[in-house]
Amino acid sequence: MTQRAKIDTDGGGTGAAAGPPVVHRPTGLTSAEVAERVARGEVNDVPLRSSRSTPDIVRANVFTRFNAIIGVLWVIMLFVAPIQDSLFGFVIIANTGIGIVQELRAKKTLDGLAVIGEAKPTVRRDGAATEISTSEIVLGDLIELGPGDKVVVDGEVAEADSLEVDESLLTGEADPVVKKPGDRMMSGSFVVAGGGAFTATKVGREAYAAQLAEEASRFTLVHSELRTGISTILKYVTWMMVPTAIGLIISQLVVKNNDVKDSIARTVGGIVPMIPEGLVLLTSVAFAIGVIRLGRKQCLVQELPAIEGLARVDVVCLDKTGTLTEGGMDVTDLRLLDGADESYVRKVLGALGESDPRPNASLQAIIDAYPDSVAWRCTESLPFSSARKYSGAAFSEGDGENSTWLLGAPDVLLRPGDPALGEVDRLNEQGLRVLLLARAAAELDSPQVAEGARATALVVLEQRLRPDAADTLAYFADQSVATKVISGDNAVSVGAVAGKLGLPGAATTVDARTLPTEPEAMAEVLDANAVFGRVTPQQKRDMVAALQSRGHTVAMTGDGVNDVLALKDADIGVSMGSGSEATRAVAQIVLLNNSFSTLPSVVAEGRRVIGNITRVATLFLTKTVYSVLLAVLVVCFQVEYPFLPRHLTLLSTLTIGIPAFFLALAPNKERAQPHFVRRVMRYAIPSGVIAGVATFVTYLIARHYYTGPDALDAETSAATLTLFLVSMWVLAIIARPYTWWRIALVATMGGAFLLVLVVPWLQNFFALKLVGVTMPWTAVAIAAAASAVLEFTWRWVGRRFPA
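Residues numbered from 1 in each chain as written. Predicted model: local features only at pLDDT ≥ 70, side-chain atom pairs only at ≥ 80, totals over all residues. Heavy atoms only, no water.

Glancing now at the overall build of the protein. Scanning the protein for helices and strands turns up 28 helices and 21 strands. Across the 803 residues that make up the protein, the buried fraction comes to 56%. Restricting to contacts in the protein with at least 6 residues of sequence separation, those with at least 24 account for 73%. As displayed, the protein offers around 32400 Å² of accessible surface, 58% of which is attributable to carbon and sulfur atoms. (Helix = DSSP H or I, 4+ residues; strand = E, 2+ residues; numbered from the N terminus. Buried < 20%, exposed > 50% of the residue type's maximum accessible area, 1.4 Å probe, protein only. Contact = heavy atoms within 4.5 Å. Areas by Shrake-Rupley, 256 points an atom, 1.4 Å probe, with all protein chains shown as cover.)

Here it is in structure tokens:
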């Protein structure tokens, strides 16, 4: 073990002996050396990639498969038809522009929050420790490390004080690696115990972490059933669209031998509505706006579909410390054991606090209660490890006496059956945290240092409960989301804290040391209980896997290094902003305000996105189904296609485009349901078929009713009226349950169509004019019958094919 570097430079100050020789630690680079390296470009200038770049956003929104198809059709229409029939192209430009603007707004929010959440490594320059941003690190910088710190660039160990590094994110090996001076440090790893410093040998894009970031930046999406489902739907739509479009082209150009320009216009009018181009755009916009909304609440969503993922979660695993309780603690009592002298114990506790340059919350409370007041020299130190459950230090007390002390979990340091454990249990039952101070008989570097240790005192600490934790737990219980408290602390103490917060099942706690190792057996215990104590980091990971094996979607929250592996394996990882950099790096969601109460907002936002996109997807795909069906019927019956592009542009805008935008952004508290594709298609297919058949029946009747040169325009107007009314009924069903603004939305769309029918210049612009009385009322009657069938079908489908 190396002597603590902090003491080496103390000279004769507090906590150091006056006699021993001073060993000078490296002072790091000078300001001149830093400036010289900056001038040479030897800076860690990797750009922060919390989201896609602006060119990527523009390309992703502009160069899409459907924009390409519609773009070609638009250019054709500009040459062969009036501008009214090219309106669909302008709609695509507007939609694409909206998508770009919304995602750029989301990017600005995301990048700004990422900078706020970025950890600042400590470097030693001119002999002083300074916090800087990762982009300011230069080649040769001496970077200090402590528990939880992430290694941000590659380097070589210069100082090591019981330094243990977890490289699991790089190698997959969960066991910490002990580092000594001269050993290699890999960026992307993180410190789990001890401390030290390393010299940066690779910065910028040469560092291993930067290479990983280039391959998979933070924008890499987690699995999204919504995106996957939409991609699946669009794939099948494309397959249907190609043969149908070919048949339509042949029918209109060859079989009917019509005017070429008019035939092209009607062919394009049949192809364009088959494409649900707005569905992809609206999904992206909904996600982007979700990120902006959560960003205002200091919630950093590092991967956009994570808000969807958390909405689908049915089990939330919470780490007690930092999640249910605040980071700070207070010493409430000191209980002496075995006749120990209180003044001497206070000296020991003060010296132990001084021995650790990076104290955790428990040790910080001890430091605050028992400041160091003696000139003891720390000869060795053993930092706290969550796997070990204790820390320690060896001292030369200045009077020739040497002593070694351990501070940690009583049930780990004491033998089973020790009388002190009874008192510990009673304190834990009150929700208090208890640490044991014990004098070790063995050397600190001995693997058996805890064996034979003599109990000296119990340090009683009280944790500060988060004021918002109880309400958040109640929210999850109300939403049928199971909550599991998984902590490394004593099980009884954890249960007492959970009980104070009203967690169901808190009365029964499980000591994780008794958990079975077989995944199926472990899953049974996890399903039956809610509170688990003395959980090791590896067990947290195993518990997440066991829950997932039962089909659960698992979210894991935490802020400490011991949570990293579980956060990484969970479906959704949630980290506190004040947590270690390692946890923030692997989490999909970071709560920058450290408020557990933000989670319900994330769940609500995800539910809003999922529920609303499911609603509007039915609108878009109903249009696709009836467009394909109408094209097939036109080919089979060898008749002119009834619609020009302007007609379907008007219908799409009033029955899909405008309503879908408002419905997609509306509040929605429905619980997220699986099987997105099935849930959408079970309604879209019958709705599209009913609308298509009703429209074609009206068209055929109108063809027999009207004669003369202007007959086709009159036939089209009648068919358009039927299709609009049936589509409005689909919209009316999807808009349920009704609120004042939903009723106003549907009514406004109906009023807009009525305006087109009664204003002469709009009639001419959209080529819509109802001729006579009989046929328009026939169209209304057919639409009414179709709407009744539609209503019955939706109710029947809901009972017959539950999702």
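After presenting the structure, the write-up continues.
Within the open sheet, the eight strands sit side by side as 8-21-20-19-9-16-18-17. Their pairing is mixed. Two strands lie at the open edges of the sheet, namely strand 8 (299-301) and strand 17 (509-511), each paired on one side alone. Geometrically, the sheet is characterised by an average inter-axis angle of 20° between neighbouring strands, direction not taken into account. Both strand 20 (residues 572-576) and strand 21 (residues 589-591) contribute to a ladder of three bridges, which runs parallel. The residue of strand 21 that forms the bridge with Met 576 is Leu 591. (Pairing = 2+ DSSP bridges. Axes fitted to C-alpha atoms, helices over the stretch in contact; angles between N-to-C directions.)

Turning to unusual backbone geometry, a few remarks are in order. In most cases, non-glycine residues show a negative phi, while peptide bonds are predominantly trans. Cis geometry is adopted by the peptide bond preceding Pro 737, which originates at Arg 736 and carries an omega value of -5°. Following the sequence through the fold, Pro 737 ends up in the loop between helix 25 (711-734) and helix 26 (740-758). Phi is positive for Asp 338, close to 55°, though the residue is something other than glycine. For Asp 338, the location among the structural elements is in the loop between strand 10 (325-336) and helix 12 (342-355). Taking relative accessible area as the criterion, Asp 338 reaches 63% and is therefore assigned exposed.

Within the structure shown, the criterion is met by 22 salt bridges. Salt-bridge contacts for Glu 144 lead to Arg 124; the nearest nitrogen and oxygen are separated by 2.9 Å. A residue pair is termed long-range when its members are at least 10 positions apart, and Glu 144 in strand 3 (residues 142-145) and Arg 124 in strand 1 (residues 122-125) qualify at 20 residues. Overall, the relative accessible area of 14% leaves Glu 144 in the buried class. Here Glu 342 and Arg 346 are joined by a salt bridge, their closest N and O atoms 3.3 Å apart. Highlighted residues: Glu 342 and Arg 346, both in helix 12, separated by four residues, approximately one helical turn. For Glu 342, a relative accessible area of 37% gives the class partly exposed. Members of the salt-bridge network, linked through shared partners, are Asp 411, Asp 511, Arg 513 and Arg 534. (Salt bridge = Lys/Arg side-chain N within 4 Å of Asp/Glu carboxyl O.)

Our focus in this paragraph is the packing of aromatic side chains. Between two aromatic rings, the relevant description is the distance of the centres plus the angle of the planes. In the structure shown here, the tally under the stated rule is 14 aromatic pairs. Arranged with centres 3.9 Å apart and planes meeting at 10°, the rings of Phe 724 and Phe 753 form a pair that is stacked. Of this pair, Phe 724 sits in helix 25 while Phe 753 sits in helix 26, and the two are 29 residues apart along the sequence. A single burial state applies to Phe 724 and to Phe 753, both of which are buried. (Phe/Tyr/Trp six-rings, centres within 6.5 Å; stacked < 30°, edge-to-face > 60°.)

The two faces of the sheet receive side chains in turn, since in a regular strand these alternate between them. The element strand 7 (residues 190-202) is largely enclosed, with a buried count of 10 among its 13 residues. Note: strand 3 against strand 7, four bridges, orientation antiparallel. If you follow Leu 142 over to strand 7, its bridge partner there is Thr 199.

The contact between helix 25 and helix 28 (residues 774-800) brings their axes to 8 Å, and the two run at 30°. One element, helix 25, and the other, helix 28, form an angle in the roughly parallel class. Regarding helix 25 and helix 28, the two cross each other, and that crossing is right-handed. In this structure, helix 25 contributes Ala 718, Leu 721, Thr 722, Leu 725, Val 726, Trp 729, Val 730, Ile 733 and Ile 734 to the contact, and helix 28 contributes Met 775, Pro 776, Ala 779, Val 780, Ile 782, Ala 783, Ala 786, Ser 787, Leu 790, Glu 791 and Trp 794. Considering only residue class, the contact of helix 25 with helix 28 consists of 17 nonpolar, two polar and one charged. (Parallel < 35°, antiparallel > 145°, perpendicular 65-115°, else oblique. Left-handed = near helix turned anticlockwise from the far one by under 90°. Nonpolar A, V, L, I, M, F, W, Y, C, P; charged D, E, K, R; others polar.)

Looking now at the pairing of strand 16 (residues 482-486). In terms of residue burial, strand 16 counts as a mostly covered element, since four of its five residues are buried. Pairing analysis gives four bridges linking strand 9 (residues 315-318) to strand 16, with the strands arranged parallel. Bridge pairing in strand 16 places Cys 317 opposite Lys 484. With two bridges connecting them, strand 16 and strand 18 (residues 531-533) associate as parallel partners. When the bridges of strand 18 are listed, Val 485 appears paired with Val 531.

This part is about the side chain of Glu 791. For Glu 791, the position within the fold is in helix 28. Of the residues examined, Glu 791 reaches a relative accessible area of 14% and is grouped as buried. Setting aside chain neighbours within four positions, we find Glu 791 in contact with Trp 729, Ile 733 and Arg 736.

Moving on, we come to helix 17 (residues 491-500). Taken across its 10 residues, helix 17 has seven buried, putting it largely inside the fold. What helix 17 keeps buried is the set Ala 491, Ser 493, Val 494, Gly 495, Ala 496, Val 497 and Ala 498. After helix 17 finishes, the residue Gly 502 shows a positive phi value of roughly 75°.

This next bit is on the environment of Val 726. In this structure, Val 726 sits in helix 25. Residues Val 726 and Ala 786, 60 residues apart in the sequence, show an inter-C-alpha distance of 6.8 Å. Beyond its immediate chain neighbours, meaning those up to four positions away, Val 726 contacts Ala 691, Ala 694, Ala 783, Ala 786, Ser 787 and Leu 790.

By size, the foremost hydrophobic cluster in this structure holds 111 residues, and its most contacted members are Leu 310, Ile 589, Phe 596, Ile 613 and Phe 753. With 16 residues, helix 22 (residues 599-637) is the single largest residue contributor to this core. In this view, Phe 753 contacts Leu 650, Leu 651, Leu 654, Thr 720, Leu 721, Phe 724 and Leu 768; residues no more than four positions away in its chain are not counted. Residues Ile 486, Leu 515, Val 535 and Ala 546 belong to the second largest nonpolar core, which totals 25 residues. (Core = buried A, V, L, I, M, F, W, Y, C linked by side-chain atoms within 4.5 Å.)

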